[in-house]
Amino acid sequence: MPKLLRWRRWNATTFLATLAAAVALVTGASVALANGATGTTGTTGSTQSANSASAKAVSANTTTSGIAPAVPCSSVAQLDLAAAVPGVPFEITSATELAASANTLGNWAACDVKGVIAPQLHFEIKLPETGWQANYLQVGCGGLCGNTSVTSAPASTGCVPLTTGAFAVASSDEGHYQGGGLFSTDPTLRADFGYKSDHELVQAAKAVIKRYYGQAATHSYFDGCSQGGHQALTEAQRYPTDFDGIIAGAPANNFTALNTFSHAWTAQSVYLNGGPATITNADLADLHKAVLKGCGAPADGIIADPLSCTWDPGTIQCGTGQTSTSDVYCLTADQVTTLRRIYAGPTDEHGQLLYPGYQLRGSELNWAGIITPATATGASGDISFVRETLRYQIFDSPQPTLTYKDIKFTAVSYKKVMRLGEGMYDATDPDLTAFKKAGGKLILWHGLGDQHIPAVGTMAYYKAVEKVMGGETPTKTFARLFLLPGVAHCGGGQGPDTFDALTAITDWVTKDDAPTSLTTRSVDSTGNTTASRPVYPFPYYAKNTTGGPTTDASSYTPVKSTAEATLKLDRLGSFRSGYETAGNWVGGKWVVTKGKN
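Basis of the calculations
Residue indices begin from 1 for each chain and proceed along its sequence in written order. Only residues with pLDDT of at least 70 get local features here, since the model is predicted, and only at 80 or more are side-chain atom pairs given and counted; chain-wide, interface and lining totals rely on the full set of residues. Only hydrogens and water are set aside when side-chain values are computed; all heavy atoms of the structure are taken into account. Strand pairing is assigned whenever DSSP detects at least two bridges linking the two strands. Runs of E in the DSSP output that reach at least two residues are strands. Runs of H or I that reach at least four are helices, and both are numbered from the N terminus. Structural elements are reduced to axes, namely lines fitted to C-alpha atoms, with helices fitted over the stretch in contact, and the angle between N-to-C directions of any two is expressed from 0 to 180 degrees. What makes two residues a contact is simply this: any of their non-hydrogen atoms within 4.5 Å. Within 3.5 Å is the distance limit for a polar contact, defined as a pair of N or O atoms, with the added protein rule that one can donate a hydrogen and the other accept it, and that residues adjacent in sequence qualify only through two side-chain atoms. Only one rule defines a salt bridge in this text: a Lys or Arg side-chain nitrogen within 4 Å of an Asp or Glu carboxyl oxygen. Buried, partly exposed and exposed residues are distinguished by accessible area as a fraction of the type maximum, computed with a 1.4 Å probe on protein chains only: under 20%, between the cut-offs, and over 50%, respectively. In plain terms, two cysteine sulfur atoms within 2.5 Å form what is called a disulfide here. For classification purposes, angles smaller than 35 degrees are called roughly parallel, those larger than 145 roughly antiparallel, those between 65 and 115 roughly perpendicular, and all remaining angles oblique. By definition here, a helix of n residues has an expected span of 1.5 Å times n minus one. Nonpolar cores are built from buried Ala, Val, Leu, Ile, Met, Phe, Trp, Tyr and Cys residues. Side-chain atoms within 4.5 Å join them into one set. Confidence scores per residue from the predictor, reported as pLDDT, run from 0 to 100.

1. Focus on the sheet that holds strand β4 (residues 110-117)
Part 1 of the reasoning: Across the sheet, 9 strands lie side by side as β3-β4-β5-β7-β6-β8-β9-β10-β11; this open sheet has mixed pairing. Sheet topology places β3 (90-98) and β11 (479-484) at the edges, where each strand pairs with a single neighbour. Averaged over all neighbouring strand pairs, the angle between strand axes comes to 15°, with direction disregarded.
Part 2 of the reasoning: Bridging between strand β9 (residues 245-249) and strand β10 (residues 441-447) involves 5 bridges; their strand directions are parallel. Opposite Ile247, over in β10, you have Ile443 as the bridge partner.
Part 3 of the reasoning: Packing of helix α14 (residues 455-469) onto the sheet brings it into contact with β10 and β11, and relative to β11 it is tilted by some 160°.
Part 4 of the reasoning: Of the strands in this sheet, β6 (135-139), β7 (167-172), β8 (219-225), β9, β10 and β11 are in contact with helix α16 (residues 501-511), which crosses β10 at around 160°.

2. A look at the side chain of Gln237
Part 1 of the reasoning: Its location among the elements puts Gln237 in helix α7 (residues 227-238).
Part 2 of the reasoning: A distance of 3.0 Å separates the side chain of Gln237 from the side chain of Tyr461, its partner in a polar contact.
Part 3 of the reasoning: Setting aside chain neighbours within four positions, we find Gln237 in contact with Ala427, Thr428, Asp429, Leu432, Tyr461, Tyr579 and Lys596.

3. What about the pattern of salt bridges?
Part 1 of the reasoning: Overall, the coordinates contain 6 salt bridges when judged by the stated rule.
Part 2 of the reasoning: The residue Asp312 makes a salt bridge to Arg340 at a minimum N-O spacing of 2.9 Å. Of this pair, Asp312 sits in the loop between α9 (284-294) and α10 (333-344) while Arg340 is found in helix α10, placing the two residues 28 residues apart along the sequence.
Part 3 of the reasoning: Among the ionic pairs, Glu388 bridges to Arg387, the shortest N-O distance being 3.5 Å.
Part 4 of the reasoning: A relative accessible area of 18% means that Glu388 is categorised as buried.
Part 5 of the reasoning: Judged by relative accessible area, Arg387 falls into the partly exposed class, the value being 29%.

4. Comments concerning the state of the cysteines
Part 1 of the reasoning: Per the counting criterion, the structure on display carries 5 disulfides.
Part 2 of the reasoning: Paired through a disulfide, Cys225 and Cys490 show a sulfur-sulfur distance of 2.0 Å. Taking the sign of the S-S torsion, about -100° here, the bridge from Cys225 to Cys490 comes out left-handed. Here the residue Cys225 occupies a position in strand β8, and Cys490 occupies one in the loop between β11 and α16, the gap between them amounting to 265 residues.
Part 3 of the reasoning: Residue Cys225 is classed as buried on the basis of its relative accessible area, which comes to 8%.
Part 4 of the reasoning: The class for Cys490 is partly exposed, based on a relative accessible area of 30%.
Part 5 of the reasoning: Between the sulfur atoms of Cys318 and its disulfide partner Cys330 the distance amounts to 2.0 Å. Where Cys318 bonds to Cys330 through sulfur, the torsion about that S-S bond is close to 90°, and the disulfide is right-handed. Taken as a pair, Cys318 in the loop between α9 and α10 and Cys330 in the loop between α9 and α10 lie far apart in primary sequence, 12 residues in all.

5. With respect to the packing of helix α8 (residues 255-270) against helix α12 (residues 411-425)
Each pair of packed helices can be summarised by the angle the axes make with each other and by the distance between the axes.
Part 1 of the reasoning: The interhelical angle for the contact between α8 and α12, taken along N-to-C directions, is 140°, at an axis separation of 8 Å. As the angle between them shows, α8 and α12 are arranged oblique. Along the contact surface, α8 presents Phe255, Thr256, Ala257, Thr260 and Phe261, while α12 presents Ser413, Tyr414, Val417, Met418, Gly421, Glu422 and Tyr425.

6. A few points about helix α11 (residues 381-393)
Part 1 of the reasoning: The terminal C-alpha atoms of α11 lie 17 Å apart, and with 13 residues this matches the ideal 18 Å at 1.5 Å per residue to within 8%.
Part 2 of the reasoning: Across the 13 residues that make up α11, a large majority, 10, are buried.
Part 3 of the reasoning: Those residues of α11 that fall on the buried side of the exposure criterion are Gly381, Asp382, Ile383, Val386, Glu388, Thr389, Leu390, Arg391, Tyr392 and Gln393.
Part 4 of the reasoning: As for α11, its buried residues are in contact with α6 (187-213), α8 and α12.

7. Some details on the environment of Pro558
Part 1 of the reasoning: Position of Pro558 among the secondary structure elements: in strand β15 (residues 556-560).
Part 2 of the reasoning: Look at Pro558 and you get partly exposed, because its relative accessible area is 46%.
Part 3 of the reasoning: For the pair formed by Pro558 and Tyr541, sequence separation is 17 residues and the distance between their alpha carbons is 5.5 Å.
Part 4 of the reasoning: Sequence-distant contacts of Pro558, that is, excluding residues within four places in its chain, are made with Tyr536, Tyr540 and Tyr541.

8. A few points about the nonpolar core
Here is a general trend for soluble globular proteins: nonpolar side chains tend to be buried in one another's company.
Part 1 of the reasoning: Within the largest apolar cluster, 65 residues are counted, with the highest numbers of intra-cluster contacts made by Phe90, Leu127, Tyr136, Leu432, Leu442 and Met459.
Part 2 of the reasoning: With residues up to four places along the chain from it excluded, the contact list for Leu432 reads Ala236, Gln237, Leu442, Tyr461, Val465, Met469 and Phe478.
Part 3 of the reasoning: Listed in part, the 45 residues of the second largest apolar core include Val270, Cys295, Ile303 and Leu354.

9. Comments concerning the confidence of the model for the protein chain
Part 1 of the reasoning: Summarising the model, the protein chain shows a mean pLDDT of 90, and 89% of its residues fall at 70 or more.
Part 2 of the reasoning: Here residues 1-64 is a poorly scored stretch, pLDDT under 50, and it has 91 contacts once near neighbours within four places are set aside; other chains count.

10. Topic: the environment of Trp108
Part 1 of the reasoning: By the secondary structure assignment, Trp108 is in the loop between β3 and β4.
Part 2 of the reasoning: With 58 residues separating them in the primary sequence, Trp108 and Ala166 have C-alpha atoms 9.5 Å apart.
Part 3 of the reasoning: Once you skip the residues sitting within four places of it in the chain, Trp108 turns out to touch Ala99, Ala100, Asn103, Lys126, Leu127, Pro128, Leu162, Thr163, Thr164, Gly165 and Phe167.
Part 4 of the reasoning: A polar contact of 2.8 Å, which involves the side chain of Trp108, links it to the backbone oxygen of Leu162.

Dropping the structure here:
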């Protein structure tokens, strides 16, 4: 940004900022400007002009430790903000002092504000009492949400500005207060969860911020994983001017097909022909060893490019009369069928994928409790995921008897289910032109060992974005995808899973410094780093080409993955624009129309 401003004539704001710095030099006083005060974001709507915010930052309430509150926390609960945002009526229900020692986000005291947006969207905002740099961070939730939590941000470990109070942080329950799908029987709550809640929250939160500090936030960011990643992409697609920078981790953006066809497929594969589970948690360690060997994994046991591995479970099928042991692990015929199905993904009668993804080889240790049950007669997580969506979220009225067994993997069934659900729930539109035009930056990330949401789906979406946005080079100017080897759903697993994308996105937004890599780390229970590894933008992966320690990031260099670069899926559905719907009450009736909002 500064390079673009170099030859511009100074405006009044720039002059005031420079004058303030000069006064500081003469008097010895220190004047702290808001983050990113030297340039403009190029966005419209709720994003504020950086120059305007900078001028406000040079004021009496700006201190050496950041922008101080303009009103005491105790007065926030009495603020009448019901009409502050047209179309988004909300109220503050409480505002309490939070000690720095009790703040899990960092060592900063906060005004902890709670409130509700009509009809029942509960939210919480932590407003730093010191250190605020005019930044706003909204964080997503997981699963089907149902609770409000601003205790952490999923991809921000090591982000110093967050731990020192540079961000006001907010989140919501997405309009309901229980974790199942029952809320979706109400059309308003269905829309709040599907696409509305985050757009409403960002408007309400910014209104509170402006009253508390006496000035607006300069830059706004979103960070979420799983459903939070879905929320992130919904914002980029439907409301492209809400946030300057967005981090979308393991996004459940293909929500309808994921929670029906993908999860039902793995469940029907494990409980083959409706019988007991063919694969249980007890099989996973030995199975994983066999996969590592079959894929030629290095000594550290992490498959860096799993999309390129096509190992067939049939190669370790038990011989006639052979029994599997830990020393010589082999698979029954039914187990081979189960695994081939899981690695292939859900297909219709013509062999076309009904979800753009499948489990990658090397993810097996992460399947426990989700794909595989503890015992052959136990239940897996996949069963419950499908149940909630089928019973309450897809159809116009509750279907309380439906289970994963009722899913039919046919073209007719797919078209029916997608027609019912995708318009309200999905965030798969690859056309991010408006987001790019607004100056928005997007970091996508996904663990390659994800047991909930196959990473292939995110690769496929990113490639669709590239196609619409003009290719790899134009896309990388505003969006990049990072894949983490061995990492499970939103963290955990076998690979380094701790990293800081928040600093990367803020540098990209404020300095136009695009991330060429992210450093991921494995951290033990005492907080010590035991391994580090870089991850590079898709379709590159980190390979140890130096012969150095596998636990040291400096041993790795980027190598292009042919499998990722040439990924093509024979899929029944497609990533496209124009599928979105919006719901509103009109004349006492709930009316759903085509459109994004």
